[in-house]
Amino acid sequence: MPDSHAHGHGAAHGSAAEATTLLLTGARLTDGRTVDVRLGAGRIQAVGTAGSLPGPGPSRVDLSGYLLLPAPAEPHAHGDTALTADTEGPVPYTTDEVQRRATEAALLQLGHGATAVRSHVRIGDVHGLAPMEAVLQARRSLRGLTDLTAVAVPRLLTGVAGADGLAMLRDAVKMGAAVIGGCPDLDPDPTGFTEAVLELAAEHGCPVDLHTDGDDPARLARLAAMAGGLRPGVTIGPCGGLSRLPLDVATRTADRLAAAGVRVTCLPQGDCAALERRSLRTAPVRLLRAAGVRVAAGSGALRDAGNPVGRGDPLEAAYLLASQGGLRPAEAYETVSAAARSAMALPEIRVEAGFPAELLAVRGDGIAGVLSLAYSRIVIHRGRVVARTSAVREYCDSAVAVALDLPRQGRMEPGP
């Protein structure tokens, strides 16, 4: 089994690490070039041909045999419920337990390559704001390793019961929830729920990220009409229900979403538990993209009630979009990297001088190969190696294996 682990201990080491120069040597880029990349102060300082960037004794990481990519981000996680699929009895919701789950989930996703995570956190009911406080504590403890953002997810916002939910949502934003979310489909008045969320988001200047199955075109049309012009923007997902609509209806709906600037986050690995249903289909990614909708891909459930075997791996999400969703490998990777980062209002990443040093190196010579066999990975956040996953493939002593020069995963040299 591949083993992954993170190096570093949070914010105390972050600033010092960012001041250290790191030289990545022999990396392959998606355009076929082999380059050296120098990192410093959390950014890419220079990219040059292999051997062209001597430095004053910088730390080095040999990336020979690796493809160097902008790091993915995770736009749709559920850290408060992660890793609970095998729990016997009620899932524990003490602050310590939720913080542990959220932290472990974020580190697992970091090992896969996601250097930023947007975690949807349920608030209200009997647990109140405790899960939000726990996830915010996890965010603070992970600083310097990964960027964790919390989405406040109330259950009800309309009617008598909704008054408490709205008050709690306001408190969650004051506590530090950076995004306002929720599930309009589960409220007795979905339109009223959406209006309440958008009004509060406009008041506080927060982005919106809503759960919806997307099977009601009239409801989506009203959302698009209300969301148009809201800054910093509205994201909905997983929208598997759009795939069940007639083609002409789905196309018109996609056009409305695109015109309003509403983004969609699909979940190719399976739904999360937030909608309390299990959709059998992923959002129609090609149709949405053709209409001009910016589509990101998330992981959803990480071994919880929504998907007991969920991996939380962005490369698996991209693999599924390439193998089953009709996207080219580069397009599929874009949904978990550039599109995911854009949906999360994160800076653009390119392997060019001046851009943030948020990078993922995967053993392989092209995106198709990387999505097929993404075993060995090196993750860089703010200019330093924060996670490393090593896999070794070996064959028995066989003349056939030697004669055919069968591919193998090589052992990595020690590095920082």
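The numbering scheme is per chain: residues are counted from 1 as the chain's sequence reads. It should be noted that, the model being predicted, local features are given only for residues of pLDDT at least 70 and side-chain atom pairs only at 80 or more, the latter also being counted only at that level, while totals for whole chains, interfaces and linings use all residues. Remark: hydrogens and water are excluded; side-chain values derive from all non-hydrogen atoms of the structure.

### Here we look at the nonpolar core
Definition used in this section: a nonpolar core is a set of buried Ala, Val, Leu, Ile, Met, Phe, Trp, Tyr and Cys residues joined via side-chain atoms within 4.5 Å. A 1.4 Å probe rolled over the protein chains alone gives each residue an accessible area, and that area as a share of the maximum for its type sets the label: buried under 20%, exposed over 50%, partly exposed in between. Of all hydrophobic cores here, the largest spans 79 residues; its most connected members are Val 234, Ile 236 and Leu 288. Setting aside residues no more than four positions away along its own chain, Val 234 makes contact with Leu 198, Val 208, Leu 223, Ala 227, Gly 261, Val 262 and Arg 263. Counting residues in hydrophobic clusters, the runner-up holds 21 residues, among them Tyr 66, Phe 355, Ile 380 and Val 385. Residue contacts follow a heavy-atom distance rule, with two residues in contact if any of their heavy atoms lie within 4.5 Å.

### Some words on the sheet that holds strand S13 (residues 263-266)
Neighbouring strands of a sheet are bound in pairs by backbone hydrogen bonds; such pairs are parallel or else antiparallel. Across the sheet, eight strands lie side by side as S7-S8-S9-S10-S11-S12-S13-S14; this open sheet has parallel pairing. Of all strands in the sheet, those bounded by a partner on one side alone are strand S7 (74-77) and strand S14 (295-297). If you compare each strand with its neighbour and ignore which way they point, the axes differ by 25 degrees on average. Should DSSP find at least two bridges between two strands, the strands are taken to pair. Only DSSP runs of H or I covering at least 4 residues are called helices, and only runs of E covering at least 2 are called strands; the numbering of each starts at the N terminus. By the bridge criterion, five bridges tie strand S11 (residues 208-212) to strand S12 (residues 234-238) in an arrangement that is parallel. Of the residues in S12, the one forming a bridge with Leu 210 is Ile 236. Only the stretch in contact is used when a helix axis is fitted, and all axes are lines through C-alpha atoms; the angle between N-to-C directions ranges over 0 to 180 degrees.

### Examining helix H9 (residues 314-323)
Within H9, seven of the ten residues are buried, leaving the element largely enclosed by the surrounding structure. Taken together, the buried positions of H9 are occupied by Pro 314, Leu 315, Glu 316, Ala 317, Ala 318, Leu 320 and Leu 321. Nitrogen and oxygen atoms within 3.5 Å of one another constitute a polar contact, given that in protein one can donate a hydrogen and the other can accept it, and given that sequence-neighbouring residues count only through two side-chain atoms. Between a side-chain oxygen at the N-terminus of H9 and the backbone nitrogen of Leu 315 the separation is 2.9 Å; the capping residue is Asp 313.

### Section: the environment of Ser 59
Inspection of the secondary structure assignment puts Ser 59 in strand S5 (residues 59-62). By relative accessible area, Ser 59 is classed as partly exposed at 32%. In sequence terms Ser 59 and Arg 38 are 21 residues apart; their C-alpha atoms lie 9.7 Å from each other.

### Observations regarding the pairing of strand S3 (residues 34-40)
Counting buried positions along S3 gives five out of seven residues, so the element sits mostly inside the fold. Both strand S2 (residues 22-28) and S3 contribute to a ladder of five bridges, which runs antiparallel. Looking at S3, one finds that Leu 23 is bridged to Arg 38. Counting the residues in the hairpin turn of S2 and S3 gives five residues, including Gly 32, whose phi is positive at 95 degrees. Two elements, S3 and strand S4 (residues 43-49), share six bridges in a ladder whose sense is antiparallel. Bridging across to S4, Val 35 finds its partner in Thr 49.

### What to know about unusual backbone geometry
The omega torsion across Arg 231 and Pro 232 is 15 degrees, close enough to zero to call that bond cis. Residue placement: Pro 232 occurs in the loop between helix H6 (217-227) and S12. Positive phi is not limited to glycine here, since Arg 303 has a value of about 55 degrees. Secondary-structure assignment places Arg 303 in the loop between S14 and H9. Residue Arg 303 is classed as partly exposed on the basis of its relative accessible area of 39%.

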